[in-house]
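Results of the structural survey
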Amino acid sequence: AQSVSQHNHHVILSEAASLELGCNYSYGGTVNLFWYVQYPGQHLQLLLKYFSGDPLVKGIKGFEAEFIKSKFSFNLRKPSVQWSDTAEYFCAVMAGNNRKLIWGLGTSLAVNP
Amino acid sequence: NAGVTQTPKFRVLKTGQSMTLLCAQDMNHEYMYWYRQDPGMGLRLIHYSVGEGTTAKGEVPDGYNVSRLKKQNFLLGLESAAPSQTSVYFCASLWRTNSPLHFGNGTRLTVT
């Protein structure tokens, strides 16, 4: 069965630290990849997406992610986090022409000022 | 342009009561989804629809029913609420498979 795995469930960082959140998926065909963010008490918002082309994609608020096909990975990065990045981050994959997203369980990020 | 609108925002039910959650989108999206979000369990798909008049089961459909009589609306019904259905419910819509999901603001449901 297709699945998405997020390696870090809880991450605590200090402001200005670098961030990398891991995401791996299990599907051998064409994929569309997403990272969503959920700030406390809010709904999910799209951070960035990969459909095709340059495997390094840039999103909002200084986030970027790299698609490595050989590793089935789509890790999220930010060079310097801010307190306002405190949120839950979800990786999601749409496999082939399937119209359903497969979600990771999320990573809770806390940034200490 | 409101995007995806969910009503109500909050609701408290007693066990055995029924209710309907409404999701409306004004983006002419074909695909619509109902998720529930519980701590430590991420988002789980309840039901979804690939077009007006169609519905399909997701991962956790038991205890819920849905209808998509109009393209812009996707209703989620709880026939006989149970405490296990206490959750935050999110509706989402999708234009096409290589586009992102648009989410509503969520409905926080408590069943006592």
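Refer to the structure above for everything that follows.
The following refers to the structure shown. Numbering of residues begins from 1 in every chain and follows the order in which that chain's sequence is written. For naming, the first written chain is A and the first written ligand is 1, with later ones following in the order written. In keeping with the model being predicted, local features are shown solely for residues with a pLDDT of at least 70 and side-chain atom pairs are shown and tallied solely at 80 or more, while totals for entire chains, interfaces and linings include all residues. To get the side-chain values, all heavy atoms of the structure are used, and hydrogens and water are removed first.

Digging into the packing of aromatic side chains
The aromatic pairing rule takes the rings of Phe, Tyr and Trp, using the six-membered ring of Trp, and pairs them if the centres are within 6.5 Å, calling planes under 30 degrees apart stacked, those over 60 edge-to-face and the rest tilted. The full count for this structure, using the stated rule, is 15 aromatic pairs over all chains. The structure contains a cluster of three or more aromatic residues connected by ring pairs, namely Phe34(A), Tyr36(A), Phe51(A), Phe90(A), Trp103(A), Tyr33(B), Tyr35(B), Tyr48(B), Phe90(B) and Phe103(B).

Overview of the pattern of salt bridges
Residues and elements named next belong to chain A. Take a side-chain nitrogen of Lys or Arg and a carboxyl oxygen of Asp or Glu: if they are within 4 Å of each other, that pair is a salt bridge. Counting across every chain of the model gives seven salt bridges over all chains. The residue Arg-77 makes a salt bridge to Glu-66 at a minimum N-O spacing of 3.3 Å. Of the two residues, Arg-77 is situated in strand S9 (residues 73-78) and Glu-66 in strand S8 (residues 64-68); the sequence distance between them amounts to 11 residues. Whether a residue is buried, partly exposed or exposed follows from its accessible area with a 1.4 Å probe, protein chains only, as a fraction of its type maximum: under 20%, in between, or over 50%, in that order. Relative accessible area serves as the criterion here: at 23%, Arg-77 is assigned to the partly exposed category. It is possible to trace a salt-bridge network through shared partners that takes in Lys-58, Glu-64, Glu-66 and Arg-77. Helix and strand assignments follow DSSP, with helices taken as H or I runs no shorter than four residues and strands as E runs no shorter than two, numbered in order from the N terminus.

Comments concerning the side chain of Glu64(A)
Residues and elements named next belong to chain A. In this structure, Glu-64 sits in strand S8. Here Glu-64 falls in the buried class, since its relative accessible area comes to 18%. Identification of polar contacts relies on pairs of N or O atoms within 3.5 Å, with a donor-acceptor requirement for protein atoms, meaning one able to donate a hydrogen and the other able to accept it, and with residues adjacent in sequence counted only if both atoms are side-chain atoms. There is a polar contact of 3.0 Å between the side chain of Glu-64 and the side chain of Lys-58. Here, two residues are considered to be in contact whenever any of their heavy atoms come within 4.5 Å of each other. Setting aside chain neighbours within four positions, we find Glu-64 in contact with Leu-48, Leu-56, Val-57, Lys-58, Gly-59, Asn-75, Leu-76 and Arg-77.

A short note on the sheet that holds strand S3 (residues 19-25) of chain B
Residue and element names in this part refer to chain B. Note on pairing: two strands pair once DSSP finds at least 2 bridges between them. One open sheet accounts for four strands, arranged S1-S3-S8-S7; its pairing is antiparallel. At either end of the open sheet lies a strand with only one pairing partner, and these are strand S1 (4-7) and strand S7 (64-67). Strand-to-strand, the axes of this sheet are offset by a mean angle of 20 degrees, without reference to chain direction. Inspection of the sheet shows S7 paired to strand S8 (residues 73-78) by four bridges, in the antiparallel sense. Within S8, the residue paired with Asn-65 across the bridge is Gly-77. Axis lines are fitted through C-alpha atoms, for helices just across the contact stretch, and the angle between N-to-C directions can take any value from 0 to 180 degrees.

Regarding the environment of Gln6(A)
Residues and elements named next belong to chain A. Its location among the elements puts Gln-6 in strand S1 (residues 3-6). Residue classification places Gln-6 among the buried residues on the basis of a relative accessible area of 6%. In the structure, Gln-6 is positioned 92 residues away from Asn-98 in sequence and 21 Å away in space, judged by C-alpha atoms. Discounting residues that sit within four places of it in the chain, Gln-6 has contacts with Gly-22, Trp-35, Tyr-89, Phe-90, Cys-91, Gly-104, Leu-105, Gly-106 and Thr-107. A polar atom in the side chain of Gln-6 sits 3.2 Å from the side chain of Thr-107.

Just geometry here; none of it tells us what the structure is for.
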